[in-house]
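# A structural walkthrough
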Amino acid sequence: MAAEPSIRHALSRPDGAFEVVVLNKADDRMNPTCAAVFGQPTDDCLVRVHSRCTYGEIFGSDNCDCRAQLERSIELLREQGGVLIYLDQEGRGAGLAAKARGYQISHELNLDTFASYAHLGIPADSRSYEDAASLLAQLNLRSVRLLTNNPAKVSALRKAGINVKRETLLEDVPSEYALNYLLAKEQHGHIFVSPARDEVPQA
């Protein structure tokens, strides 16, 4: 018997109920891509595609802006309705061990994480967004407003057949460490938008 394309069930938060959608992979010991669905999203709804960050989301580190991005995204999705897709792709797809080695080199040699990855021979970003596109298709979403400052996510979803309009994710910078991280990301194609900046690029 063929596996169902996804597993769905309800969950609740203090601010209300939502639906969880989990891709049904052949190896269910691994953490597949999943989504939190707020409201009844239709085409052109708000979508956030977010990659796991143990340091920021679990340990509360302010070396990056990952937790701030996640929390702000959930606020907007709760307000407007939409989908949060969560990818188990730690360290920009390199994994937690590689990420830890990158941080170690960063501290030893005073490098940003992109430079430390290069020093270790690790690709700067090896994430895949195929599963994100698959979940959107299963939710019958062909056109979305993607909440991101990363043009690579826009390109990847468009390549997978999703009509995407980018929505700027405006956020506060949680620390000087995070500021340096964001400036490094900007050098690698990300769009850095903050109330501290004079201009906010348009979507």
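This text goes with the structure placed above it.
Residues numbered from 1 in each chain as written. Predicted model: local features only at pLDDT ≥ 70, side-chain atom pairs only at ≥ 80, totals over all residues. Heavy atoms only, no water.

## Side note on the pairing of strand S1 (residues 6-13)
In terms of strand pairing, S1 meets strand S2 (residues 16-23) through eight bridges, oriented antiparallel. Paired with Ser-6 across the bridge in S2 is Leu-23. Turn length for the S1-S2 hairpin, with the two strands adjacent in sequence and antiparallel, is two residues. (Pairing = 2+ DSSP bridges. Helix = DSSP H or I, 4+ residues; strand = E, 2+ residues; numbered from the N terminus.)

## Comments concerning the packing of aromatic side chains
The tally for this structure, following the rule as stated, stands at three aromatic pairs. Arranged with centres 5.3 Å apart and planes meeting at 75 degrees, the rings of Tyr-55 and Tyr-103 form a pair that is edge-to-face. Here Tyr-103 lies in helix H3 (residues 96-109) and Tyr-55 lies in helix H1 (residues 54-58), a separation of 48 residues in the sequence. Using a relative accessible area of 16% as the deciding quantity, one classes Tyr-103 as buried. One aromatic cluster is present, formed by Tyr-55, Phe-59 and Tyr-103 through successive ring pairs. Here the guanidinium or amino end of Arg-92 rests over the ring plane of Tyr-117, the centre of that ring lying 4.9 Å away. Over the ring of Tyr-55 we find Lys-99, and its NZ or CZ is 4.6 Å from the ring centre. (Phe/Tyr/Trp six-rings, centres within 6.5 Å; stacked < 30°, edge-to-face > 60°. Buried < 20%, exposed > 50% of the residue type's maximum accessible area, 1.4 Å probe, protein only. Lys NZ or Arg CZ within 6 Å of the ring centre and 35° of its normal.)

## Concerning the sheet that holds strand S4 (residues 45-51)
Ordered in space as S1-S2-S3-S5-S4-S6-S7, the seven strands form an open sheet in which the pairing is mixed. Two strands lie at the open edges of the sheet, namely S1 and strand S7 (163-167), each paired on one side alone. On average, each strand axis in the sheet is tilted by 25 degrees relative to the strand beside it, whichever way the strands run. Bridge count between S2 and strand S3 (residues 34-38): four bridges; the pairing is antiparallel. Within S3, the position partnered with Glu-19 by the bridge is Val-37. Each of S1, S2, S3, S4, strand S5 (82-87) and strand S6 (143-147) touches helix H5 (residues 130-138); the most contacted strand, S2, lies at about 120 degrees to it. (Axes fitted to C-alpha atoms, helices over the stretch in contact; angles between N-to-C directions. Contact = heavy atoms within 4.5 Å.)

## Observations concerning the packing of H3 against helix H4 (residues 113-120)
As a packed pair, H3 and H4 sit with axes 8 Å apart at the nearest point and diverge in direction by 105 degrees. One way to sum up the angle between H3 and H4 is to call them roughly perpendicular. Of the residues in H4, those in contact with Ala-98, Lys-99, Arg-101, Gly-102, Ile-105, Ser-106 and Leu-109 of H3 are Thr-113, Ser-116, Tyr-117, His-119 and Leu-120. Here the contact of H3 with H4 is built from residues that sort into five nonpolar, five polar and two charged. (Parallel < 35°, antiparallel > 145°, perpendicular 65-115°, else oblique. Nonpolar A, V, L, I, M, F, W, Y, C, P; charged D, E, K, R; others polar.)

## Things to note about H5
Of the positions making up H5, those classed as buried are Ala-132, Ala-133, Leu-135 and Leu-136. The buried residues of H5 occupy one face: seen down the axis, they fall within an arc of 160 degrees. Looking at the packing, one finds that the buried side of H5 touches S2, S3, S4, S5, S6 and helix H6 (151-159). Where H5 ends, the next residue or the one after it, Asn-140, has phi of about 60 degrees, a positive value. (Arc of directions from axis to C-beta.)

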